[in-house]
Structures are given as structure tokens and as C-alpha cells.
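# Structure assessment
Here's the letter readout for the chains.
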Protein chains: 2
Amino acid sequence: MSNRKFNVAVVGATGAVGEQIVNLLEKRDFPVDKIKFLSSPRSAGTLISFKGQQIPVEIATPDSFEGIDIALFSAGGDVSKELAPHAVRHGAVCIDNTNAFRMDPTAPLVVPEVNSDKIAEHQGIIANPNCSTIQMVAALKPLYDQYGISRIIVSTYQAVSGAGSRAIDELNRQSAAILNGDEVQPDLLPVGSLPVKHQIAFNAIPQIDKFQDNGYTLEEMKMVRETKKILGDESVDVTATCVRIPVVYGHSESVYVELKKDYDLEEIRNLLASAPGVTLVDDPAAQLYPLASEAAGKPDVFVGRVRRDLGNSRGLNLWVVSDNLLKGAAWNAVQIAEIIAANAE
Amino acid sequence: MSNRKFNVAVVGATGAVGEQIVNLLEKRDFPVDKIKFLSSPRSAGTLISFKGQQIPVEIATPDSFEGIDIALFSAGGDVSKELAPHAVRHGAVCIDNTNAFRMDPTAPLVVPEVNSDKIAEHQGIIANPNCSTIQMVAALKPLYDQYGISRIIVSTYQAVSGAGSRAIDELNRQSAAILNGDEVQPDLLPVGSLPVKHQIAFNAIPQIDKFQDNGYTLEEMKMVRETKKILGDESVDVTATCVRIPVVYGHSESVYVELKKDYDLEEIRNLLASAPGVTLVDDPAAQLYPLASEAAGKPDVFVGRVRRDLGNSRGLNLWVVSDNLLKGAAWNAVQIAEIIAANAE
């Protein structure tokens, strides 16, 4: 463990994920020398409290990264695409929470509990996977190691905070209107940049991000491609249906997984119970299983409803829940930063 | 078509499903001679409006069914178990919306679009399947007929109205409390008769009905067993994960189905578009897919997000939505009653 301190930049510091990154850097006592909060001009000037100081947010520019050692990006893919190369040019390691570099073969895509060994291979940019992928892969890794996985079929129940602070406001506003008997005028979800808007309050929207030519959404294809890359195994078949539901914090996932070997259900439970970053919550008799309401604010991935498939003896069903802003984003990124710091000369 | 009129009894007429049955009998101009609304002593005396008359609800007793031709039950399994045999003894045909007789080999389990031929085989009781099963089977029937089905993996997004009027009140009350920053005290869901209660507002609860010894809930096992019985094919593997979400009306389902033959995706769309009781809503470019908010109040089963599985070329993913109180309960029951009436001497 080095005693070195680091100059850190947080890009998108005022966003839903950025806020959590700042909180975690403070709470975890990350070895910060200087810290810089960057954003678009819209949020510049906002004061962010960090270790007793009020630090004004600065406009992010290519030269913002001079002297920065570690830059954490969560301001959207376009910002990362434009600015991360400048940060790298200035010598920073970028931990990017957007989709910009995830499938770039030169960028490791890292969930520390799964493939922290890849961090050392970076060429300046380390990609943080998509929220819905991270929690699923963290839960499946111990099963993958023990039995191998031939296929995954996942249906998600995703919180609106994954679409940012404005989506939280939209859910709250729509919910209040409907309870009040008023008309609802959706104006953000499912995808801010697309023309059609749907009601999210008291509804379930089977679209997260834009549709691709194959009929899957980008969110679904992220789960497919990222899972293969993180496991380092293109032979794992993955199918996803990603759905936004009226939850603020915490993604839930119904995961069917087909293992390559016969398994013992108790051994599966033991593997999950002892897996790093995973908490087994699985006691049907006591009505105990993971819930978004209880996972919110916690760093772990919670797994329950562990049961053998009724048709395929190598099939297994799981219910996987995690705070999408923490393990699904900020905490995974800060974990990567901590590993970089610990291994620095 | 007969011109006969029928003496009809609605048991549980004041419940969430019973109300819809009464509405449908009136709206569809069902050939009623006399109609009787029955309930527990708690609701007896309530006035129900039917075709301009205010009819008081009577206490349901074994002798309530004298002279009744058709009895529609939706007052819970215990009431059906106790009273349906008496209705049969009095010569009535019972259409039972509870779980009491669904797996009884002498009771046809009917979704009219799938197996209306079974109605004639009844021995006094016809079972209406579980809401989550009905919509899935109605959507899959045309695919089953054309290609055969080897397996189904379904994850549900179920509305609280499936747990009755009190669950709707609970969701509304909890939602208002949370929006107001107040503490929430859950007191009904997931299962009224079990000790542990969970927050449903802004949450997803992976338990509907009681757990069975195999780790599946009764709701999940209903989907498994009923699907096989309705399709008349025990060889179809079914796995279900049933989840309650903060929606009032309309169950959504993420359905993975493996067909027995290679298929053409356009042919699948054509089969669904022309299937009875099914409406295809599937235009990703226009962001069109089924939504609970739009299915509510409508009789059809809506199917969209039709896409080929990425791993298995005979696999297919669908998003299936329907109003759980209508096609999932009251409308399916009234459809059966209409067929009985049409075929009566």
C-alpha cells in the first residue's frame, strides 16, 4: 500500500452518479491531494462540500486535467469521448462511467470482484460497466468459476435514477399528479433525446435507451456484450429484456442461468454467501429475499430466490438486486480508483 | 344461438374482480333473466347498480343457488370450495375465478381463445386460470399451434389489483406517504395472511402468494401447472419468476419461449397480429410496445418487443401485457359464460 496522495478530478460532479462518487471519495477517505469538480457550463459555480471545504465546480475543458492523476467521468458518453483523451494526454488514468469506451478493446471493462487483474492493462482509460451488467456479473462470477455458464436470460426491473436526477423528479411529479387525479404529461422517459414519451409512474416501460437494428435496445445489448467481455468468454449466450419501473433507487433482476455442470443447490448458496461484494438474502420461510427498498444506499449486490429450474437440472433462477448508483456506478468506479491508488508506486 | 335467458349469480360481487364481472355482464348485454349478487356478511346490503336497478348484495349461503343457471365465483378459494359444490347441486354451472378447482382433473381450465372446446366437458365447474397465466397462454397459443413449444421462461411485472382492492389502497397510501417524506408502514402485501409485510410503493417484491417447498411461490407454480393443463401438453417446460410492482392495473410479462421448429420472425408477427384476442403492438422505430398504462381497461392481450433470441435461433422474446382484472379475470370468465349461453338448448 502506497502512502501517495492523488490529484483527482470528478467530471459530472453534480449529476446523480457524480454526487455519489464525491460522497464515497470522502467517506472512504480516498488519498486525495487536490480534488477538482468539473461539469458543463450549466452547473459551473455550484459549490460542492468535500471534507469541510466548499469547492466550486469548474467548467470541464481539455486543459482541466493538467496535473490530474485520476479522473472519474460520469457526464455522458459525448463528454467522455471528447475529454477523456485529453485527460490521458495529461497523464491521468480515467475511470469512465459512460458507454463511450466499454467495448474499446484497449480499455479494460472492470468489475473488481470479477476481473480486477485487467486494471493493470489499461492504456489510460478503464471503463466502468453498465449498472445492470455490474450487479449481474458480480453475482454470477462465483458460479461461472465453479461450473461454467452456457447461457443467461435476464429480465430487469430498473430504477429511474439510472436515467439521472431529472428522471427521479419526473417519477415523483407524475406519481403525485396521478394520486391527485390529475393528467400526466410525460416529458423525459424512456429516452430524453427521443420524441415519444411514456408515463413511468404506476407503469412498466420495456425500453431503456435506443432500439438497435436487431430489435433489442442499447441497454439490452450492453448487458449482452459487456457480460461476455467482463467474463472474457464470448461463448456465453446472453439475452436481456430491460424494463424501467417506478422505483427510485435499486435495480432488480430476474436471472435464469444455465450452468455447464450439474450442481448442488446448497453449494450454490455457499458460493454466493462467500462471494466478495455479494450478500445472500434467501430465506423463503421468513419471506426474506432482496428488495430494492433495502438495497438502496448499500454497496453490496444482494442475491436471493435461489432455486433450481423446473425443466433443466442445470438451470438456476436468481433474484439479484443492487443500488444502481452505488455498485452499479459510483462504488464500482471508486473501487477501481482504490485499487489503482493501492498499486501506485 | 339460443334466445334463452339465464339466472345468474355473482359471488364476490363487491370485490375488484366481481365489480368488473358485473360491469361486463351489463355492458355485453348478457342474456340475464334474474341476477343475484352474493358476498360475505361484511358486504351484504351494499347496493349494486345493474341495468338501472339498485340490487342489494345478499349473504352467500349453500341455498343461495336455487334456480341459478350460471354462477360466477371470485370471492377467494375457500368460498369457492365451500359453495361451488352447492351451486352444482342446485344445477348451476360454476365459472370459478379462484385457485380452488384449477388443477382438479374434472374441471376444465379454460382460456376461450386457447381451449374453448373443453367447456363442454365440464361436470358443473369450469375454472378460470390465474391472471398471469391467461395472458401468456393467449399470446403463445398461435405459436404453439404453428411450431410447438419446448420451454417457456417468464418473469412477471404484476399489478397490485391482482391482490384486491385493499392492495390498491395500500399502494396509493404508501406512495402518498413516501412522496410526503413520511414513514411507510406496510400492512398487506406481499401476502395478507402471512406475517412479514413489505413496502410496495417504489419497490419490486419477488413474492406473490406463499412459498412452496421447491422454493417457488404458489403464483409461480400456478403459471407452471396451468400452462401445461391449458395447452394440454405436459412436455412444455415452464419456469416463472413472479414479481409485484407498483402498478395498479395491468400485468406485464417478459416471456422467453423456445419453439420446436425454426421460424421466420415476420411469420411470428403475422400469427400474433391475426390471433383472436391478441393485439400486436410492435414498432420499435416509433417506440411502440405494450404498456400497462395503455392496456388498462381494455379486453385484449397486447404483445410486442417481438425479437429473435441472440443465442438460440429457435428462441423468441416477447413482452406481453393485459389488464389483469379483465382478460386476466372478469372478461375471461364472462367470455366462458357467453359461450355457455350461446350453446345452451
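Residues numbered from 1 in each chain as written. Chains lettered and ligands numbered in written order. Predicted model: local features only at pLDDT ≥ 70, side-chain atom pairs only at ≥ 80, totals over all residues. Heavy atoms only, no water.

As recorded in an unreviewed UniProt entry, chain A goes by Aspartate-semialdehyde dehydrogenase and comes from Paenibacillus polymyxa. Taken directly from UniProt, the Subunit (unreviewed entry) text for chain A runs: "Homodimer." Database annotation for chain A, UniProt heading Catalytic activity (unreviewed entry): "L-aspartate 4-semialdehyde + phosphate + NADP(+) = 4-phospho-L-aspartate + NADPH + H(+)". (UniProt positions renumbered as here; feature names shortened; annotations may be inferred.)

Our focus in this paragraph is the pairing of strand E7 (residues 93-96) of chain B. Residues and elements named next belong to chain B. Of the two faces of E7, the one holding Val93 and Ile95 and the one holding Cys94 and Asp96 are both buried throughout. Across four bridges, strand E6 (residues 70-73) lies against E7 in parallel orientation. Residue Ile70 lies in a different strand from E7, and its bridge partner there is Val93. Each parallel crossover has a hand, and for E6 linked through helix H2 (residues 77-89) to E7 it is right-handed. (Buried < 20%, exposed > 50% of the residue type's maximum accessible area, 1.4 Å probe, protein only. Helix = DSSP H or I, 4+ residues; strand = E, 2+ residues; numbered from the N terminus. Pairing = 2+ DSSP bridges. Right-handed = clockwise from strand over helix to strand, strands pointing away.)

Glancing now at the pattern of salt bridges. For the structure shown, the criterion picks out 36 salt bridges over all chains. Between A:Asp209 and A:Lys222 there is a salt bridge; the shortest N-O distance is 3.6 Å. Of the two residues, A:Asp209 sits in the loop between helix H5 (165-179) and helix H6 (218-231) while A:Lys222 sits in helix H6, which places them 13 residues apart along the sequence. When its relative accessible area of 22% is taken as the criterion, A:Asp209 is described as partly exposed. Judged by relative accessible area, A:Lys222 falls into the buried class, the value being 11%. For B:Glu266, the salt bridge goes to B:Arg269, with nearest N and O atoms at 2.8 Å. Separated by three residues within a single helix, B:Glu266 and B:Arg269 lie in helix H7 (residues 265-273), roughly one turn from each other. Residue classification places B:Glu266 among the partly exposed residues on the basis of a relative accessible area of 44%. One salt-bridge network, in which partners are shared between bridges, spans A:Arg151, B:Glu258 and B:Asp309. (Salt bridge = Lys/Arg side-chain N within 4 Å of Asp/Glu carboxyl O.)

The subject of this paragraph is the relation of the copies chain B and chain A. Superposition of chain B onto chain A requires a rotation of 180° combined with a translation of 0.0 Å along the rotation axis, giving an RMSD of 0.0 Å. The superposition of one copy onto the other is thereby described by a two-fold rotation axis. Interface residue correspondence from chain B to chain A reaches 98%, placing this contact among same-surface, isologous pairings. (Least-squares fit on C-alpha atoms with pLDDT ≥ 70 in both. Contact = heavy atoms within 4.5 Å.)

All names here are of chain B. Spatial strand order, E10-E9-E11-E14-E13-E12: six strands in an open sheet with mixed pairing. The sheet is open, and its two borders are formed by strand E10 (237-241) and strand E12 (278-280), each paired with just one other strand. Going across the sheet, the axis of each strand differs from the next one's by a mean of 25°, ignoring polarity. Sheet analysis places strand E13 (residues 301-308) next to strand E14 (residues 315-322), joined by six bridges and oriented antiparallel. What sits directly across from Arg308, in E14, is Leu316. (Axes fitted to C-alpha atoms, helices over the stretch in contact; angles between N-to-C directions.)

What follows covers the interface of chain B and chain A. Across the boundary between the two partners, chain B contributes 62 residues, which contact 61 residues of chain A. Between chain B and chain A, roughly 4,900 Å² of surface is buried when both sides are summed, and carbon and sulfur atoms account for 57% of that area. Counting every contact that joins chain B to chain A gives eight salt bridges. Residue A:Arg151 is joined to B:Glu258 by a salt bridge in which the shortest nitrogen-to-oxygen separation is 3.3 Å. Looking at the side of chain B that touches chain A, its residues break down into 33 nonpolar, 20 polar and nine charged. (Buried area = accessible area lost by both parts, 1.4 Å probe. Nonpolar A, V, L, I, M, F, W, Y, C, P; charged D, E, K, R; others polar.)

Note: most residues except glycine have negative phi, and most peptide bonds are trans. Along the chain, A:Leu189 connects to A:Pro190 via a cis peptide bond; the corresponding omega equals 10°. With respect to the helices and strands, the residue A:Pro190 is situated in the loop between H5 and H6. Of note in the backbone geometry, A:Phe202 takes a positive phi value of approximately 50° without being a glycine. Within the element layout of this structure, A:Phe202 appears in the loop between H5 and H6. A:Phe202 sits in the buried class, given a relative accessible area of 11%. Despite not being glycine, B:Asp29 shows a phi value in the positive range, around 55°.

Residue and element names in this part refer to chain A. Within the UniProt annotation, "binding site: NADP(+)" (unreviewed entry) is assigned to Thr14, Gly15, Ala16, Val17, Arg42, Ser43, Ser161, Gly162 and Asn324. Maximum C-alpha separation among the annotated residues is 25.1 Å over a sequence range of 311 residues, too wide for a single clustered spot. Not counting residues up to four positions away in its chain, the partners in contact with Ser43 are Thr14 and Val57. Within the local environment of Ser43, its side chain forms a polar contact with the side chain of Thr14, the two groups lying 3.3 Å apart. Tracing the backbone through its elements, the reader meets Asn324 in the loop between strand E14 (315-322) and helix H9 (326-343). With a relative accessible area of 2%, Asn324 lands in the buried category. Every residue in contact with Asn324, bar those within four places of it in the chain, is listed here: Cys131, Ala159, Ser161, Gly162, Tyr249, Gly250, His251 and Ala329. Polar contacts involving the side chain of Asn324 include one to the main-chain amide nitrogen of Gly250, which spans 2.7 Å. (Polar contact = N/O pair within 3.5 Å; in protein donor to acceptor, adjacent residues only side chain to side chain.)

Let's shift gears to the sheet that holds strand E1 (residues 6-11) of chain A. Residue and element names in this part refer to chain A. Spatially, E5-E2-E1-E6-E7-E8 is the arrangement adopted by the six strands of the open sheet, whose pairing is parallel. What marks the edges here is a single partner per strand, and that holds for strand E5 (58-59) and strand E8 (125-127). Pairing between E1 and strand E2 (residues 32-39): five bridges, direction parallel. Counted as the bridge partner of Phe6 is Val32 from E2. Relative to the sheet, helix H2 (residues 77-89) contacts E1, strand E6 (70-73), strand E7 (93-96) and E8, its axis offset from that of E6 by approximately 175°.

Helix-helix packing is characterised by the crossing angle of the two axes and by the distance between the axes. Residues and elements named next belong to chain A. The interhelical angle for the contact between helix H1 (residues 16-27) and H9, taken along N-to-C directions, is 45°, at an axis separation of 9 Å. Between H1 and H9, the angle is such that the two are oblique. The interaxial crossing formed by H1 with H9 has right-handed handedness. Listed contacts from H9 to Val17, Gln20, Ile21, Leu24 and Leu25 of H1 are Leu326, Ala329, Ala330, Trp331 and Val334. (Parallel < 35°, antiparallel > 145°, perpendicular 65-115°, else oblique. Left-handed = near helix turned anticlockwise from the far one by under 90°.)

Here we take up the domain arrangement of chain A. Interfaces are often described in size by the accessible area the parts lose on coming together. Residue and element names in this part refer to chain A. Per the domain assignment, the segments making up chain A are domain 1 (6-129 + 329-343) and domain 2 (133-324). Put simply, the middle of domain 1 and the middle of domain 2, counted by C-alpha atoms, are 25 Å apart. In this assembly, 19 residues from domain 1 lie in contact with 18 residues from domain 2. For the pair domain 1 and domain 2, the summed buried surface comes to about 1,500 Å²; carbon and sulfur atoms form 66% of the total. In terms of surface lost to domain 2, no three residues of domain 1 exceed Met103, Glu113 and Val114, which account for 36% of the buried area on that side. Our count for the contact surface shared by domain 1 and domain 2 stands at one salt bridge. Arg102 serves as the salt-bridge partner of Glu226, at 3.4 Å between the closest nitrogen and oxygen. Applying the counting rule to domain 1 against domain 2 returns five residue pairs in polar contact (both at pLDDT 80 or more). (Domains from an automatic or database assignment.)

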